[in-house]
Amino acid sequence: EADIYQTPRYLVIGTGKKITLECSQTMGHDKMYWYQQDPGMELHLIHYSYGVNSTEKGDLSSESTVSRIRTEHFPLTLESARPSHTSQYLCASRRQGGNNEQFFGPGTRLTVL
Amino acid sequence: AQRVTQPEKLLSVFKGAPVELKCNYSYSGSPELFWYVQYSRQRLQLLLRHISRESIKGFTADLNKGETSFHLKKPFAQEEDSAMYYCALRGSGGSYIPTFGRGTSLIVHP
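What counts as what
- Residues numbered from 1 in each chain as written.
- Chains lettered and ligands numbered in written order.
- Predicted model: local features only at pLDDT ≥ 70, side-chain atom pairs only at ≥ 80, totals over all residues.
- Heavy atoms only, no water.
- Helix = DSSP H or I, 4+ residues; strand = E, 2+ residues; numbered from the N terminus.
- Rg over C-alpha atoms; globule rule 2.2 N^0.38 Å.
- Buried < 20%, exposed > 50% of the residue type's maximum accessible area, 1.4 Å probe, protein only.
- Contact = heavy atoms within 4.5 Å.
- Lys, Arg positive; Asp, Glu negative; His and termini not counted.
- Charge placed at Lys NZ, Arg CZ, Asp CG, Glu CD.
- Salt bridge = Lys/Arg side-chain N within 4 Å of Asp/Glu carboxyl O.
- Pairing = 2+ DSSP bridges.
- Buried area = accessible area lost by both parts, 1.4 Å probe.
- Polar contact = N/O pair within 3.5 Å; in protein donor to acceptor, adjacent residues only side chain to side chain.
- Core = buried A, V, L, I, M, F, W, Y, C linked by side-chain atoms within 4.5 Å.
- Axes fitted to C-alpha atoms, helices over the stretch in contact; angles between N-to-C directions.

Student: Help me understand the overall build of chain A in this model?
Tutor: Secondary structure assignment for chain A yields 0 helices and 11 strands. Along chain A, from the amino end to the carboxyl end, the secondary structure elements read β-β-β-β-β-β-β-β-β-β-β. The C-alpha atoms of chain A give a radius of gyration of 13 Å, which matches the 13 Å a tight globule of 113 residues would have. Taken along the three principal axes of its C-alpha coordinates, chain A extends 40 × 30 × 30 Å. Here chain A holds 113 residues, and the buried ones make up 48% of them. When contacts within chain A are restricted to residue pairs at least 6 apart in sequence, long-range pairs at least 24 apart make up 53% of them. For chain A, the distance from the average position of its 11 positive side-chain charges to the average position of its 12 negative side-chain charges is 4 Å.

Here's what the structure looks like:
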């Protein structure tokens, strides 16, 4: 079944650790996005990609990096986690053209101690 | 720059009452507006978009370019409408990256 997956769903980690949040989609979408979601705040775009080997930074300054080596895979890496990175991270994808609907993954809840 | 404002963080109504979730935007071109919804323990998902002019789960939203608004309305709220609602704008040029508002939490009491 076509879907968008995120792992892990929950992660508690200590300051200074390197972590990678995984996002995969089997929908055949070219465009993929990473958002940060905090209660009562806008969804902030962290990174996006238009396709393989294409990555761009979003409007939220972040110490994270992304890669897009395969169409279906868009991992987000934090080289050194800090408590300020504690948040919900949402991955989304969208088909080129179409009705511009974004499809969201279930999210990863990250807590940095 | 494009911006989306949802002035209410929380909207609390009783079942059967009318609901209006406000969304105002700023954008110099022709925007494309969306409402997304996130029910408890579920994913964020599209509710409706202004281009399709449809009613979904009894909700409608009309784009008012004069007032730069895209308010979401439902005449009779149901308990299952309780959720987080996000208004989003996608510009017509540039990178087509959507901008989301901060969301409004709708609580419908029995």
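Student: How should I be thinking about the pattern of salt bridges in this particular structure?
Tutor: Working definition: two side chains of opposite charge can pair if their charged atoms are close together. All names here are of chain B. Evaluation of the coordinates by the stated rule reveals 9 salt bridges over all chains. Glu20 is the partner of Lys73 in a salt bridge, and the nearest nitrogen-oxygen pair spans 3.6 Å. Separated by 53 residues along the polypeptide, Lys73 in strand β8 (residues 72-74) and Glu20 in strand β3 (residues 19-21) bring together distant segments of the chain. For Lys73, a relative accessible area of 40% gives the class partly exposed. Glu20 gets classed as partly exposed once you look at its relative accessible area, which sits at 29%. One network of salt bridges, with partners in common, ties together Glu20, Lys22 and Lys73.

Student: Explain the sheet that holds strand β7 (residues 60-61) of chain B to me, please; I cannot follow it from the model alone.
Tutor: The strands making up a sheet are joined through hydrogen bonds of the backbone, oriented either antiparallel or parallel. Residue and element names in this part refer to chain B. Across the sheet, 3 strands lie side by side as β3-β8-β7; this open sheet has antiparallel pairing. The open sheet is flanked by β3 and β7, the only strands paired with a single partner. Here β7 runs beside β8; their pairing, made up of 2 bridges, is antiparallel. Across the sheet, Thr60 pairs through a bridge with Lys73, a residue of β8.

Student: What's the story with the interface of chain B and chain A in this structure? I'm lost.
Tutor: By a frequent convention, interface size equals the accessible area lost on bringing the separate parts together. Facing the 17 residues of chain B at the interface are 21 residues of chain A. Roughly 1,700 Å² of surface becomes buried between chain B and chain A when both sides are summed, with 51% attributable to carbon and sulfur atoms. Looking only at chain B, the three residues that lose the most surface to chain A are Arg43(B), Ile97(B) and Phe100(B), adding up to 32% of its buried area. Taken together, the links from chain B to chain A amount to 1 salt bridge. With a closest N to O distance of 2.8 Å, Arg43(B) and Asp3(A) form a salt bridge. Joining chain B to chain A, the criterion identifies 6 residue pairs in polar contact (both at pLDDT 80 or more).

Student: Sorry, what's going on with the nonpolar core here?
Tutor: Nonpolar side chains in soluble globular proteins generally cluster together in the buried interior. All names here are of chain B. Counting residues in each nonpolar core, the largest one holds 24 residues, and the members touching the most others are Trp35, Leu72 and Tyr85. Of all the elements in the fold, those that place two or more residues in this core are β2 (10-14), β3, β5 (32-38), β6 (45-49), β9 (83-90) and β11 (104-109). Here this core takes 4 residues from β9, the largest share from any one element. With sequence-adjacent residues up to four places away left out, Tyr85 is seen in contact with Gln6, Leu21, Trp35, Tyr36, Val37, Leu47, Phe59, Leu72, Gly103, Thr104 and Leu106.

Student: Is there a simple way to think about the sheet that holds strand β1 (residues 4-7) of chain A in this case?
Tutor: Residues and elements named next belong to chain A. Taking strand neighbours across the sheet as the criterion, the 4 strands line up as β1-β3-β8-β7 in an open arrangement whose pairing is antiparallel. Edge positions in the open sheet fall to β1 and β7 (64-66), since each of these has one partner strand only. Here the strands of the sheet are splayed against their neighbours by 15° on average, with no regard to which way each runs. Across 3 bridges, the pairing between β7 and strand β8 (residues 76-78) is antiparallel. The residue of β8 that forms the bridge with Thr65 is Thr77.

Structural measurements only, silent on function.
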